[in-house]
Amino acid sequence: MLEFRLQLGMLQASNKIESKQLFTESTLPKFLTAVRQKTLQNEIVFKGIGLHTGNKVSMKIFPASENTGIIFRRKIGNKIISIKADYRNVRSTKLCTLLSDRNGNSVSTVEHILSAIYAFEIDNVVIELTSNEIPVYDGSAQDFVKKIKEVGFEEQESFKKFIKIKKPVEVKLGRKYARVSPFDNTLISTKIDYEHKLIGKQSISVMLTPQIYESQICKARTFGFLKDVENLRKNKLALGGSLDNAIVLDEDKVLNKDGLRFSDEFVRHKLLDFIGDISLSGYRMLGSFFSSHPGHETNIQLLKRVFQSPNNWELVCSN
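Residues numbered from 1 in each chain as written. Predicted model: local features only at pLDDT ≥ 70, side-chain atom pairs only at ≥ 80, totals over all residues. Heavy atoms only, no water.

What follows concerns the pairing of strand 14 (residues 169–173). Summarising the sheet, strand 14 and strand 15 (residues 176–181) pair through five bridges and their orientation is antiparallel. Opposite E170, over in strand 15, you have R179 as the bridge partner. (Pairing = 2+ DSSP bridges. Helix = DSSP H or I, 4+ residues; strand = E, 2+ residues; numbered from the N terminus.)

This part takes up the packing of aromatic side chains. Tallied over the entire structure, the rule returns 13 aromatic pairs. Centroid distance Y194 to F225: 6.1 Å. Interplanar angle 40°. Geometry classified as tilted. Here Y194, found in the loop between strand 16 (186–193) and strand 17 (201–207), pairs with F225, found in strand 18 (residues 223–225); they are 31 residues apart in sequence, far enough to count as distant. Y194 sits in the partly exposed class, given a relative accessible area of 25%. Judged by relative accessible area, F225 falls into the buried class, the value being 17%. Summarising the aromatic geometry, the rings of F223 and F225 are spaced 6.5 Å apart at their centres and angled 90° between planes, so their arrangement reads as edge-to-face. Here F223 matches F225 in class, with each residue buried. Put simply, the rings of Y194, F223, F225 and F266 touch in pairs and so form one group of aromatic residues. If you follow K38 out to its NZ or CZ, it ends over the ring of F153, 4.3 Å from the centre. Seen from the ring of F262, R268 lies directly overhead, with NZ or CZ sitting 4.0 Å from the centre. (Phe/Tyr/Trp six-rings, centres within 6.5 Å; stacked < 30°, edge-to-face > 60°. Buried < 20%, exposed > 50% of the residue type's maximum accessible area, 1.4 Å probe, protein only. Lys NZ or Arg CZ within 6 Å of the ring centre and 35° of its normal.)

This part takes up the environment of V306. Here V306 is to be found in helix 6 (residues 296–306). Relative accessible area serves as the criterion here: at 1%, V306 is assigned to the buried category. When neighbours within four sequence positions are excluded, V306 is seen to be in contact with I165, V169, V180, N312 and W313. (Contact = heavy atoms within 4.5 Å.)

All right, on to the confidence of the model for the chain then. As a note on interpretation, predicted positions should not be read in detail where pLDDT is low. Chain-level pLDDT for the chain is 90 on average; 90% of the residues reach the 70-or-more range. Low confidence marks residues 1–32, where pLDDT is under 50. Its contacts with residues over four positions away, or in another chain, come to 78 contacts. (pLDDT = per-residue confidence, 0-100.)

Contact geometry for helix 5 (residues 265–278) and helix 6: axes closest at 9 Å, N-to-C directions at 35°. Here helix 5 and helix 6 pass one another in a crossing that is right-handed. Side by side, helix 5 and helix 6 meet where D273, F274, D277 and I278 of the first sit next to H296, N299, I300, L302 and L303 of the second. Partitioned by chemical class, the residues of the contact of helix 5 with helix 6 number five nonpolar, two polar and two charged. (Axes fitted to C-alpha atoms, helices over the stretch in contact; angles between N-to-C directions. Left-handed = near helix turned anticlockwise from the far one by under 90°. Nonpolar A, V, L, I, M, F, W, Y, C, P; charged D, E, K, R; others polar.)

A few words now on the sheet that holds strand 5 (residues 56–63). Across the sheet, which stays open at both edges, the five strands sit in the order 4-5-11-6-7 with mixed pairing between neighbours. Since the sheet does not close on itself, it has two edges, and those belong to strand 4 (44–49) and strand 7 (79–84), each with one partner. This sheet shows a mean twist of 20° between the axes of neighbouring strands, independent of strand direction. Pairing between strand 4 and strand 5: six bridges, direction antiparallel. Counted as the bridge partner of K47 is S58 from strand 5. Here helix 1 (residues 111–119) sits on the sheet and contacts strand 5, strand 6 (70–76) and strand 11 (125–129); the angle it forms with strand 6, its principal contact strand, is near 145°. Against the sheet, helix 2 (residues 142–151) touches strand 4 and strand 5, its axis set at about 165° to strand 4.

Inspection of the entire model under this criterion finds twelve salt bridges. Across the pair D123 and K160 runs a salt bridge, and its minimum N-O distance is 2.5 Å. With D123 in the loop between helix 1 and strand 11 and K160 in the loop between strand 12 (153–159) and strand 13 (161–165), the pair connects residues that are 37 residues apart, well separated along the chain. In this structure, D250 engages K253 in a salt bridge whose closest nitrogen and oxygen atoms are separated by 2.8 Å. Overall, K253 belongs to the partly exposed group, its relative accessible area being 45%. (Salt bridge = Lys/Arg side-chain N within 4 Å of Asp/Glu carboxyl O.)

One finds M59, F72, I113, I127, I134, Y213 and L280 to be the most contacted residues of the largest nonpolar core, which totals 69 residues. Among the elements that make up this core, the one with the highest residue count is helix 5 (seven residues). Other than its neighbours up to four places away in sequence, I134 contacts I49, G50, V57, M59, F72, V107, S108, T109, V110, I113, L129 and F144. (Core = buried A, V, L, I, M, F, W, Y, C linked by side-chain atoms within 4.5 Å.)

For the rest of this paragraph, the subject is the side chain of D138. Along the chain, D138 turns up in the loop between strand 11 and helix 2. Of the polar contacts made by the side chain of D138, one reaches the side chain of Q142; its length is 2.8 Å. A polar contact is formed between the side chain of D138 and the side chain of R261, at a distance of 2.8 Å. The contact partners of D138, leaving out residues within four places of it in the chain, are D143, R221, D244, N245, A246 and R261. (Polar contact = N/O pair within 3.5 Å; in protein donor to acceptor, adjacent residues only side chain to side chain.)

Following this line, the structure appears as structure tokens:
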């Protein structure tokens, strides 16, 4: 039997302006000896537009039977296509994570919904879409979290399986870097360094729990720079982007009327994305993660490097 103690629910966020302690003893996870798989109690419906395509999309998330994992489905003509949320199905990491089947049918910008599902420890759902991109909402994951909590969870008969990291694994892509080391829980640390004066150097470290994710991570929005908008749209990216679904900065200021939700919202969103990308391992991962100058490509390459060798990991069951 795998027995592990979820240790101190630790969250520290810091940037050049401030350093805060962002947890209390009341957030401590309880001792666990066995954990069963989990799905939703009922379906959830979302409607919105895609960040990059600008297409209108309806998304329904359905409960799924144990050992299903996370499956995306789309109806194309008279055919239903299914794509498993798996790092081996990633076809592009350009400004988002895009999954595709062998025939080129794709679902893009999956990282925010996967981040919420993973953070709330949901194992099995089917996600049906009317278009090829997840609705962006406000550029964060808070709308997904709100509806997931409203619907509630159903415990299933089978026990959860975990990827346990056995040795340090790292990836370097230019100045981008990601590493995972052995650890009994899921600890994620991220740092960024931008020349823009409103971002600069920021860092955050999270012992991942649903409570910490909801209060400190899920509200952080995606961001971009006004100077890049024209070029992005020429390349058919950010076609649905606006001040309603992203933080936009010019050379001197944040253009969003209400400003930032956190002074270090930028690094928090990078961590949100990281959580969504590592969910593509197919199981909850037990390890201490660190990323510097993170991006989707580095996140996915880290998963690929982990699974290159059975010496790096093992699959363990909580029963």
